Amino acid sequence: QVQLVESGGGLVQAGGSLRLSCAASGRTFSTYPMGWFRQAPGKEREFVAAIRWTGSTIYADSVKDRFTISRDNPKNTLYLQMNSLKPEDTAVYYCAATGGRATSRPGDYESWGQGTQVTVSS
């Protein structure tokens, strides 16, 4: 497994931007498909975006064209650039890693960070 630590969350007004980071341990970071998920109070954890080791990406429809997932393999870091934020984006955001394929299913990911809170005010 890989250890993951998220950072970059905070309070932002609607229409603003934030960039989340996820620092990973381990020398094989570049081979892991990675994902971002989020969980709002009283709701199930939902998929946000994922990136394969090749760099190809997939997004939830709700964030497409607003969020960008990227990775810096030499720095062992995953990013989520979030633009045009909406109040409904408020949630705890988690990064995750899988030894399998990049999917939208939380159950397919084996390693998780502790989460970082993102709050978007209207």
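Residues numbered from 1 in each chain as written. Predicted model: local features only at pLDDT ≥ 70, side-chain atom pairs only at ≥ 80, totals over all residues. Heavy atoms only, no water.

1. Observations concerning the nonpolar core
Generally speaking, nonpolar side chains in soluble globular proteins are found buried as a group. Ranked by size, the top nonpolar core spans 35 residues in total, and within it Trp36, Leu78, Leu80, Met82 and Tyr93 carry the most contacts. Elements that contribute at least two residues to this core include exactly β3 (18–24), β4 (34–39), β5 (46–51), β7 (67–72), β8 (77–82), β9 (91–97) and β11 (116–121). Discounting chain neighbours no more than four positions away, the residues touching methionine 82 are Gly16, Ser17, Leu18, Leu20, Arg66, Phe67, Tyr93 and Val118. (Core = buried A, V, L, I, M, F, W, Y, C linked by side-chain atoms within 4.5 Å. Buried < 20%, exposed > 50% of the residue type's maximum accessible area, 1.4 Å probe, protein only. Helix = DSSP H or I, 4+ residues; strand = E, 2+ residues; numbered from the N terminus. Contact = heavy atoms within 4.5 Å.)

2. Quick word on the environment of alanine 96
Mapped onto the fold, alanine 96 is located in strand β9. Residue classification places alanine 96 among the buried residues on the basis of a relative accessible area of 0%. The sequence separation of alanine 96 and valine 118 amounts to 22 residues, and the corresponding C-alpha distance is 17 Å.

3. Some thoughts on the side chain of arginine 38
Among the structural elements, arginine 38 can be located in strand β4. Since its relative accessible area comes to 5%, arginine 38 is described here as buried. Here arginine 38 is in contact with Glu44, Arg45, Glu46, Val48, Ser62, Val63, Phe67, Glu88, Asp89, Ala91, Val92 and Tyr93, once residues within four sequence places are set aside.

4. Here we look at the side chain of aspartate 89
Within the secondary structure, aspartate 89 is located in the loop between β8 and β9. On the accessibility criterion, aspartate 89 (1% relative accessible area) is buried. Among the polar contacts made by the side chain of aspartate 89, one reaches the side chain of arginine 66 at a distance of 2.8 Å. (Polar contact = N/O pair within 3.5 Å; in protein donor to acceptor, adjacent residues only side chain to side chain.)

5. Things to note about the sheet that holds β7
Strand order in the open sheet formed by four strands is β1-β3-β8-β7, with antiparallel pairing between adjacent strands. In the strand order of this sheet, the two ends are held by β1 (4–7) and β7, each with one partner. Strand-to-strand twist of the sheet, defined as the mean angle between neighbouring strand axes without regard to direction, takes the value 15 degrees. Pairing analysis gives six bridges linking β7 to β8, with the strands arranged antiparallel. Bridge assignment links aspartate 72 to a residue of β8, and that residue is threonine 77. (Pairing = 2+ DSSP bridges. Axes fitted to C-alpha atoms, helices over the stretch in contact; angles between N-to-C directions.)

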